[in-house]
Amino acid sequence: MEMRQVIVKNFHLVSYNRFNSCEDNDDKDEDNLANQSIRNISSGCNTSGSRYYRLSAVCLTLLCVLLISAVSVLWVKFNNLTTKNTDLQTHYSNLILEKEQLQTSYGNLTFERNQLQIMYSNLNRDKNQLQASYNNLTVERDRLQASYNNLTVERDRVQTSYNKLTVERDRLQTSYNNLTVERDRLQTSYNNLTVERDRVQTSYNNLSVERDQLQTSYNKLSVERDQLQTSYNKLSVERDQLQTSYNNLSVERDQLQTSYNNLSVERDQLQTSYNKLSVERDQLQTSYNNLTIERDRLQTSYNNLIMVRDQDQAKCKELANELAKLQTNYSTMANQKDQLQKEKDEIQKRLREIAAQAKLGWVYFSSSLYFISTEKKSWNEARADCRKKGADLVIIKTKEEEEVLVKQLGSDKAWIGLNDRPVEGTWKWVDGTALTTAYWAPGEPNNSGNEDCAELWGLLDKQGWNDRPCNDGVRWICKKPFRTSQW
Ligand SMILES: [Ca+2]
Ligand SMILES: [Ca+2]
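Just so it is clear, the structure is predicted and the values come from calculations on it, not from any experiment. (Residues numbered from 1 in each chain as written. Chains lettered and ligands numbered in written order. Predicted model: local features only at pLDDT ≥ 70, side-chain atom pairs only at ≥ 80, totals over all residues.)

(A) Quick look at the pairing of strand E1 (residues 362–365). Pairing of E1 with strand E2 (residues 368–372), which is carried by 4 bridges, proceeds in the antiparallel orientation. In the sheet register, phenylalanine 365 faces E2, and the bridge partner there is serine 368. The loop that links E1 with its antiparallel partner E2 comprises 2 residues; one of these, serine 366, has a positive phi angle of about 50°. (Pairing = 2+ DSSP bridges. Helix = DSSP H or I, 4+ residues; strand = E, 2+ residues; numbered from the N terminus.)

Spelled out as structure tokens, the structure:
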């Protein structure tokens, strides 16, 4: 219905425009065909108005019929389109539903695809692991195969060795059996030998006793042999003398032989004598040989004795030299002993003198004697007392001397032989020498109240020298050299 109202409205608008265009025909002359018609109509308007209106009404009627037909056609088409639109709407709804179903299916499929993807990844990883395991197993299998081959070879070799060892073992078993029999035999022999050894040991002990006895006898015989050797030497000399006599007699016998040539008996006798002499000669020859051997032995002993004697002589010379040295050392030590004895006597004498001085109150230190008074006097009176004692007030020259005097003085004060009375500030010792090394107490000398004489402080908190008015009464220290000659 709406579509129909729109179409009618458009038709009235077109008619109205056509009517307006008749009124404004002077202004509208662009389109050629329309302008021609309009000019014809305009010219008709001027000529015949009724005809124009009838023609217009016919045209309008025709136009209306035409429009109604068009509208009908359009209405039919619109209905068709509406039906199609409804169908399309239904179809669209179905499509939307299908799309949603497909969307759900797509989501399910995506989920399943993801799961499948994960499963695929897992399977791929498992596959890779299995592949790696397979590769490792392949390598392992190859290695085991190689090991198996090696073991097979080794087994064959071991089998061969086993066979050899079996044969060797059988051989060794046989040897072992033989050795067992041999061992039993040796054990028996060993037992017999043990018994024999004990018996031999006993015999050895007996023989040792006998050997000792024989050694004793041998020593006795050696002594006797030496005696016999002496006797033999004497007899040799006598034999030589007899030999000389015998030679003389032989000469005479030869002379007699000439005389007794005719006498066979004598010749036989002489022959007999000759034979005897031959025997005797042989004996003498034997004795001569023995003597030669004995002489060589004695010569060797003599040479050894000469060598020992030379060595002993050299030792004697060395001992003589050492004796001379010792004699010299002894003389030197004797002199030193005398010197030391003298020094000892001197020291003992000095000690006695020091002890005597100590009884008088003097103290010894480094070849000097010191007297520390118990009284208190002025510096002048103190010095006069020292001089009366053959000394003077102390002159301190070394740190050791200072320390000894401080120790002897104890916790007190005493005059020393130092003053600056002639020239203030110029300190001099009592022997006139200038002060070079001083041991003043801290802050001294200060000449506080005209202090011109020096005292020694042995106080616990103050040690050293102090200048002090000379008329003050304090203890004092005298010093004199220690000379033993004067005592
Ligand atoms: Ca002074
Ligand atoms: Ca002072």
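(B) Representation of the UniProt feature "transmembrane region" (unreviewed entry) in the protein chain in the model. The UniProt record annotates "transmembrane region" (unreviewed entry) at residues 52–76. When the span residues 52–76 is considered, its composition is 100% helix and 0% strand, and the gap between its end C-alpha atoms is 35 Å. (UniProt positions renumbered as here; feature names shortened; annotations may be inferred.)

(C) Fine view of unusual backbone geometry. A cis amide bond, omega -5°, links glutamate 444 with the succeeding residue proline 445. Relative to the helices and strands, proline 445 is located in the loop between strand E5 (428–429) and strand E6 (453–458). Positive phi, close to 50°, is recorded for serine 366, a residue that is not glycine. Following the sequence through the fold, serine 366 ends up in the loop between E1 and E2. You can call serine 366 exposed: it has 10 C-beta atoms within 10 Å. A positive phi angle, close to 60°, is found at asparagine 450, a residue other than glycine. (Buried ≥ 20, exposed ≤ 12 C-beta atoms within 10 Å, placed from the backbone.)

(D) Layout of the pairing of strand E8 (residues 475–481). Of the strand pairs in this sheet, E2 and E8 are connected by 5 bridges, and their pairing is antiparallel. Paired with phenylalanine 371 across the strands is cysteine 478, a residue of E8. Where strand E3 (residues 392–393) and E8 come together, 2 bridges link them in antiparallel fashion. Looking across to E8, one finds that aspartate 392 is bridged to lysine 479. Here strand E4 (residues 413–419) pairs with E8 via 2 bridges, running parallel. Counterpart to alanine 414 in the pairing with E8 is arginine 475.

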